[in-house]
Structure formats: structure tokens, C-alpha cells
Amino acid sequence: MIAIVDYGAGNVFSVQCALERLGANSVLTKDPEVLLKAEKVLFPGVGHAKAAMEALKENGLDQVLKELSVPILGICLGMQLMCLRTEEGDTQGLGIFPVEVRNFPSGLPVPHMGWNSLEALSGPLFKGIAKETDFYFVHSFYAEPSPYTTATTEYNELFSAALEKDNYFAVQFHPEKSGAEGEKLLQNFLKL
Amino acid sequence: MNLVHGIKKIVPMLKKRIIPCLDLKDGTTVKGVNFLNLTSAGDPIELAKRYARQGADELVLLDITATVENRSTLLSLIENISREVYIPITVGGGISSLSHVRALLKAGADKISVNSSAVKRPELVRELSEEFGSQCIVVAVDTKSSEGTHYVHVKGGREATTIQTLDWVKTVEALGAGEILLTSMDADGTKAGFDLHITREVALQVNLPVIASGGAGEIAHFSELFTTTRATGALAASVFHFDQIPLPTLKQSLKQQNLPIR
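Within every chain, residues take consecutive numbers counted from 1 along the sequence as written. For this description, chains carry letters from A and ligands carry numbers from 1, given in the order in which they are written. In keeping with the predicted nature of the model, local features appear solely for residues at pLDDT of at least 70, side-chain atom pairs appear and are counted solely at 80 or more, and the whole-chain, interface and lining totals rest on all residues. Working from all heavy atoms in the structure, the side-chain values ignore hydrogens and water.

J.: Explain the sheet that holds strand S2 (residues 26-29) of chain A here, please?
T.: The strands making up a sheet associate through hydrogen bonds between their backbones, and the pairing can be parallel or antiparallel. Residues and elements named next belong to chain A. Reading across from one edge, S2-S1-S3-S4-S13-S12-S11 is the order of the seven strands in this open sheet, with mixed pairing throughout. Two strands in the sheet have a free side with no partner beyond their single neighbour: S2 and strand S11 (149-155). Neighbour-to-neighbour, the strand axes of the sheet open up by a mean angle of 20°, direction not taken into account. Packing against the sheet, helix H6 (residues 179-191) makes contact with strand S1 (2-5), strand S3 (40-43), strand S4 (72-75) and strand S13 (168-171), and its axis sits at approximately 145° to S3. Only strands joined by at least two bridges in the DSSP assignment are considered to pair. Only DSSP runs of H or I reaching four residues or more are called helices, and only runs of E reaching two or more are called strands; each is numbered from the N terminus. The angle between two axes is taken between their N-to-C directions and runs from 0 to 180 degrees, where each axis is a line fitted to C-alpha atoms and a helix contributes only its stretch in contact. We call two residues in contact whenever any of their non-hydrogen atoms come within 4.5 Å of each other.

J.: Sorry if this is basic, but what is going on with the pairing of strand S6 (residues 89-92) of chain B here?
T.: Working note: regular strand, side chains alternate between the two faces of the sheet. Residue and element names in this part refer to chain B. Burial of the side chains of S6 extends over both faces: Ile-89 and Val-91 are buried on one face and Thr-90 and Gly-92 on the other. Alignment of strand S5 (residues 59-63) against S6, held across four bridges, turns out to be parallel. Each bridged residue has a counterpart across the sheet, and for Val-60 the counterpart in S6 is Thr-90. Examined bridge by bridge, S6 and strand S7 (residues 111-114) share three bridges and lie parallel to one another. By the bridge assignment, Val-91 is partnered in S7 with Ile-112. Handedness of a crossover is defined as follows: orient the strands so they point away from the viewer, and if the path from the first strand over the helix to the second runs clockwise, the crossover is right-handed. A crossover connection joins S6 to the parallel S7 through helix H3 (residues 98-106); in handedness this β-α-β unit is right-handed. Only protein chains enter the calculation, and the probe is 1.4 Å; a residue is then buried if its accessible area is under 20% of its type maximum, exposed if over 50%, and partly exposed in between.

J.: What should I look at first to understand the packing of aromatic side chains in this one?
T.: Geometry of an aromatic ring pair is reported as the spacing of the ring centres plus the angle between the planes. All names here are of chain A. Any two rings among Phe, Tyr and Trp, with Trp reduced to its six-membered ring, count as a pair given centres within 6.5 Å; such a pair is stacked if its planes are under 30 degrees apart, edge-to-face if over 60, and tilted if neither. Enumeration according to the criterion identifies 13 aromatic pairs over all chains in this entry. Residues Tyr-142 and Phe-159 carry aromatic rings whose centres are separated by 6.1 Å and whose planes lie at 55° to one another, so their mutual orientation is tilted. You can see Tyr-142 sitting in strand S10 (residues 141-143) and its partner Phe-159 sitting in strand S12 (residues 157-165), a full 17 residues away along the chain. The two residues Tyr-142 and Phe-159 agree in class, both being buried. Between Phe-169 and Phe-189, the aromatic rings sit 6.4 Å apart at their centres with planes inclined by 75°, giving edge-to-face as the arrangement. Linking Phe-169 in strand S13 with Phe-189 in helix H6, this pair joins segments that are 20 residues apart in sequence. Exposure remark for Phe-169: the relative accessible area of 5% places this residue in the buried category.

J.: Would you explain the state of the cysteines in this entry?
T.: Disulfides are covalent bonds that connect the sulfur atoms of two cysteines. The disulfide definition used here is simple: a pair of cysteine sulfur atoms within 2.5 Å. Scanning all chains against the criterion turns up zero disulfides over all chains. Free cysteine Cys-17 of chain A: the closest other cysteine sulfur is in Cys-136 of chain B, separated by 17 Å. Among the residues examined, Cys-17 of chain A registers a relative accessible area of 4% and is labelled buried. Free of any disulfide, Cys-76 of chain A has its nearest neighbouring cysteine sulfur in Cys-136 of chain B, separated by 11 Å.

J.: Help me out: how do you make sense of the layout of surface pockets in this one?
T.: Unfilled space is identified by rolling a water-sized probe across the atoms. All names here are of chain B. Of the grid points, spaced at 1 Å and generated over the protein atoms alone, those admitting a 1.4 Å probe that cannot get out make up cavities, while open sets with protein on both sides within 12 Å along at least five of seven lines make up pockets; any residue with an atom within 4 Å of a point is treated as lining. Grid points are joined across faces, edges and corners, and a volume is the space filled by probe spheres set on the points. Put simply, the largest pocket is a space of about 1,200 Å³. Lining the largest pocket are 45 residues, with Asp-23, Leu-62, Ile-64, Asp-142 and Gly-156 sitting closest to its centre. Secondary-structure elements contributing two or more residues to the lining of the largest pocket are strand S3 (17-25), S5, S7, helix H4 (116-120), strand S8 (137-146), strand S11 (179-184), strand S13 (233-236) and helix H9 (238-241).

J.: Please explain the pattern of salt bridges as it appears in this structure.
T.: Oppositely charged side chains are able to pair whenever their charged atoms sit close together. In the sections that follow, a salt bridge refers to a side-chain nitrogen of Lys or Arg positioned within 4 Å of a carboxyl oxygen of Asp or Glu. Per the counting criterion, the structure on display carries 25 salt bridges over all chains. For Glu-132 of chain A, the salt bridge goes to Lys-131 of chain A, with nearest N and O atoms at 3.9 Å. Given the relative accessible area of 33%, Glu-132 of chain A is considered partly exposed. Take Lys-131 of chain A: its relative accessible area is 54%, and that puts it in the exposed class. Across the pair Glu-46 of chain B and Lys-49 of chain B runs a salt bridge whose closest N-O atoms are separated by 3.9 Å. Residue Glu-46 of chain B and its partner Lys-49 of chain B are located together in helix H1 (residues 44-54), separated by three residues, close to a single helical turn. Connected through salt bridges with shared partners, the residues Arg-17, Glu-58, Lys-111 and Glu-179 of chain B form a single ionic network.

J.: What should I look at first to understand the interface of chain B and chain A in this one?
T.: When the parts of a complex come together, some accessible area is lost, and that lost area is often taken as the interface size. Taken together, the contact between chain B and chain A spans 34 residues of the former and 32 residues of the latter. Across the chain B to chain A interface the summed buried area is about 2,600 Å²; carbon plus sulfur atoms make up 56%. Buried area is calculated as the accessible area (1.4 Å probe) missing from two parts once they are joined, with the contributions of both summed. Of all residues in chain B, Leu-14, Tyr-86 and Gln-135 of chain B give up the largest surface area on contact with chain A, accounting jointly for 27% of the area buried on that side. Our count for the chain B to chain A interface comes out at three salt bridges.

Structure, rendered in C-alpha cells:
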């Protein structure tokens, strides 16, 4: 069973639909017990970092997410919350990745919205996915490049499009909205 | 642009978006679609799937009747499209409350667009962006020029306001809009090209992604939009619905012109 972290943030229906298409059973939950028993965990999210962090803490999910030993995939805001700290509302993250999340500099249209290509791909999530493949992004903050970066994207700044550390995986783009290639990435995650 | 072994290589970057717009009536049918070889031309799910397959970067679904009675029909339609189409979807038409937006997002919409309701009560934009995040709040602006000045129009373009378009886009940006969908009523329906002037002005005025709409008639109109303005997307309906510009042909041609296209 795949558990999708339910903390009231963002639209999880598309993620559920994507898993359904891939034949995976999923459950949307905020119950720590269910999360700890899941085979894999998806941590999606859009919205504001501060509100999302507070919602996680309300149910003790911040602790649970740090204790998981199964593969977990953070998507978009999920990824940013897995980092050390984000400039959005000066919010302390889960600290799974020792990475800072920053605001895009002014002068560029923000959010960074649309399809952008990935470079320097590595790790099991990107198996069978070619360099320069486009994925769909929509975000106003970005994780800095780090030793945990497994894909980069450029939007004036070079930033982490994906991070990986032990059983923790994270992507800034939306695989559930990135057509066939996004589906391939989710399938790679399910195979871990 | 880099030259690698004499071949022009596009530096990896954000792609310009090509966005077909589907007009929904009574939450189920698509108006003004005339595809050959499409068995159920009026079925928005089939149409959405077709566009996604052909490389559409996003879809905009506009509920042109937008009555309260049709709301549940629209929601189930959005749900069904989300199940089968996995590119971003924006839904607009008659949206004026937080609960309606919540229901649409829950049904699988990625973004919602507001127009007249935001003009009527600008605070709505702030409330929506604070609740759901700027990234999913599109403000659709219908603009028309009068004696050299552009004014915002509401109620599907039927009613003029005294609000200047260039002021309005700044206002909604400050209120937390995440994107501007700019329709030039002067260009709309002419097939003579996008309104480059107002698009350029609006895109310079705000630090938000701007989608231009209205006037697309041929491939060159898309290239001139992307080369002479900062618009990050182009929306069109009839040229796609009537297969006058097939999406794959359009995208291929723009790519050959070295524009950043997926």
C-alpha cells in the first residue's frame, strides 16, 4: 500500500489518479500508524510552506516523516519542506536534506511556471529518462544545488530539480502532470 | 544560443506554452468544434485527450454558461478529464467563492481563473491566493482599447469598466495572482494575430507569467508573439478546434525557428 500524506495542502487527486493508472493501491492519510506501515510514501503539496508545516505538526507528521525507512517521494512543496529551511515565510523545514530553499531573484516572471528541461540526471528515479526531458514546474522558491542533487534545472539560477538521500527522494516538478515521462518517473519510484 | 559542432543548440530553458482552450456549455459540451475524423467532436474528454496526446502544454477549460445548477456536472467532468489527461488544467467561468475553488481543485484542476468576480471584489484574489497559493490563481483579463487606452471588460466582454488594464494587472499582482491570462477583445476572432502591443505592455508591467489570447490565425502569429513580447504562453481555440493549425505542426515549426518549445 502506498500512503499519500494528507495535510490539507494542495491537490492530491492528480497524484491519486496517476497511481491508479499505474495499478498501485494508495490511501490518503494523516494517521502516523498508517504511514509507518506503508510500503512507500508520497509527500505531495502545493501552497504556502508555513501553513503546510503547521498542518504537519498538528498531527505529529513532521516526526513520522523523519523516522520513515521506506522510500518516500516529496513533490514540489513536499520537496521544499524536506529541506533545512525555506525563505517562504522563513519556515524551518524537516531537515532531511541539509539544503536551503530560496526565493527566485526579482526580474523574472515568478512563479517559474511551465515545462523545463532536466540536466545532470542520476539515480534510480531517472532510469530510462533522457537528459533534457521536459517536466512541468510551478513554484516560486527553489532548493539550492547540493551534493544530494540528482537533477538540475535552470531558471536564471541553477537549482535542484531533484534530491536523493538514503530512502528519501524529492522532485521540484510535478511528475503527475508531466505526461508520459512523469508517469515513467513515478513508475521508477514504485519499483524501488 | 550555443553553437555545438555547427548545430544551433537551444540552451535548456523554460519552454513557451501552447494552450488550447475548450469552451464548455452546460458542463458537458464543447462549443464550436469541427474536427474531421473525430467521432465525438463535442466530447470534452475526448478532445482534452487528443490535445494532450498532440503535445498541448496545458489546457484551459472555460465554463461559458457557469450557472450554479451546472456546478456538479462541471466537477464530475473535471474529475473525468483529470483521470485521463495528465497535463495541467486551468478551469474558469463564474468562479467567485473559496468553496467553489476548493471543490474544483479537489476534482483535479491545477489552476482556476477568475475574471468578473475579481473586478467586482478584488479582495477575492487575495483570499484565494492566501488560501490555495498564488500558483493556482490565474486572473483572466479581457481588454479592449478605447482612444489609445486599454480598459478592462467584464461579463464575457459585454460590459466595459473604467479600470485601465495596465493598472489592473499591477493590482492583481499585488493581491497575489500567480498568472495573467490576457485576452485582447480587439484581436479576438480576427485571426489577424495576437495583440502584440498590449501583451508587450502587460508583460513589462508585471513579474508574472502572461498568457496571450485572441487573434491567432497562423503559425507566424505565435512566433511573433514569442519573439516580440515576454508572453510565456499562447492560448487559442478555433485554430485548433477546426484543425487549421494542427498542434504538432505548430510546435514543430516553432522549434525549427529555434524558439524554446517542448
